[in-house]
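Residue-level structural notes
What follows is the residue order along each chain.
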Amino acid sequence: MINLANVRCARWIRKRSNDRSLRMKGLLKKISGRTWKPAVKFYLRKEVSFRYDGMKMKITPGVFHPGFFFSTKQMAEFLRTQDLSGMKIIDVGCGSGLLAMVCARAGAEVTAVDISANAIACAGKNAAQNSIKIRVLGSDLFENVRQEKFDRIVVNPPYYQKDAASVEEKADRKSTRL
């Protein structure tokens, strides 16, 4: 026989633990926002090295670092499974150029575009350092490549919800206003 008091107690414990875990998640988010974000900003204030699949890269300040968030590495792993040979690909918002270089190593003809001058310089240097041929252009999305046709579009935008106050912030937050 089921004891009604035990059922109520179990419900109360489950509800309290859910409330507690939600409060804990909120608390952890606040703590990490106050510790992790400043630590990352401090680390990224100067040029830092990054390696991926045998490629050596330098990530300059103001350029999205592919190692701090899972999305770039996850996208790179996916692209490595695709047959891209002979395809014409554009990497929109190329940042450090990692995804463009992964595509080029797979045999694609790659155009990498970004609105940020820092990102354009960074992607170009990283490709040259790894002897990988990609074309790097300054462009706000497709603005400077309107007449061209591509087989695939690669885009891995940062996911921030904030209106941009400068071109650098626009490059860093472009996904919210597409």
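The structure under discussion appears in the preceding block.
Conventions and cut-offs
Residues numbered from 1 in each chain as written. Predicted model: local features only at pLDDT ≥ 70, side-chain atom pairs only at ≥ 80, totals over all residues. Heavy atoms only, no water. Helix = DSSP H or I, 4+ residues; strand = E, 2+ residues; numbered from the N terminus. Buried < 20%, exposed > 50% of the residue type's maximum accessible area, 1.4 Å probe, protein only. Contact = heavy atoms within 4.5 Å. Areas by Shrake-Rupley, 256 points an atom, 1.4 Å probe, with all protein chains shown as cover. Phe/Tyr/Trp six-rings, centres within 6.5 Å; stacked < 30°, edge-to-face > 60°. Lys NZ or Arg CZ within 6 Å of the ring centre and 35° of its normal. Pairing = 2+ DSSP bridges. Axes fitted to C-alpha atoms, helices over the stretch in contact; angles between N-to-C directions. Arc of directions from axis to C-beta. Disulfide = S-S within 2.5 Å.

Looking at the overall build of the protein chain
- On a plain count of helices and strands, the protein chain comes out with five helices and six strands.
- Traced from its N-terminal end to its C-terminal end, the protein chain shows the element sequence α-β-β-α-β-α-β-α-β-β-α.
- Put simply, the protein chain has 178 residues, and 33% of those count as buried.
- Residue pairs in contact within the protein chain that sit at least 24 positions apart in sequence constitute 57% of those at least 6 positions apart.
- Just so you have it, the protein chain exposes about 11700 Å², and 55% of that area is on carbon and sulfur atoms.

A few points about the packing of aromatic side chains
- Scanning all chains against the criterion turns up zero aromatic pairs.
- A cation over a ring is seen here: K88 above F150, with NZ or CZ 5.4 Å from the ring centre.

As for the sheet that holds strand β4 (residues 109-114)
- Judged by pairing direction, the sheet is parallel, and its four strands sit side by side in the order β5-β4-β3-β6 without closing on themselves. Bordering the open sheet on either side are β5 (135-138) and β6 (152-155), each of which pairs with just one other strand. Strand-to-strand twist of the sheet, defined as the mean angle between neighbouring strand axes without regard to direction, takes the value 20°.
- In this structure, strand β3 (residues 88-92) lies alongside β4, joined through five bridges in parallel fashion. Counterpart to I89 in the pairing with β4 is V110.
- Sitting on the sheet, helix α3 (residues 98-105) is in contact with β3, β4 and β6, with an inclination near 175° to β4.

Quick word on helix α2 (residues 70-80)
- Those residues of α2 that sit buried are S71, T72, A76 and L79. Each buried residue of α2 sits inside an arc of 135° when the element is viewed along its axis, so together they form one side.
- Its buried side turned inward, α2 meets β1 (48-52), α3 and β6.

Description of unusual backbone geometry
- A positive phi angle, close to 50°, is found at D53, a residue other than glycine.
- Secondary-structure assignment places D53 in the loop between β1 and β2 (55-59).

So, the state of the cysteines
- For the structure shown, the criterion picks out zero disulfides.
- The thiol sulfur of C94 is not disulfide-bonded, and the nearest other cysteine sulfur, from C122, lies at 8.5 Å.
- Assessed through its relative accessible area of 7%, C94 is described here as buried.
- Here C122 falls in the buried class, since its relative accessible area comes to 2%.

Things to note about α3
- The element α3 is extensively covered by neighbouring structure, given that seven of its eight residues are classed as buried.
- If you check which residues of α3 are buried, you get L98, L99, A100, M101, V102, C103 and A104.
- Positive phi appears at G107, one or two residues downstream of α3, with a value of about 100°.

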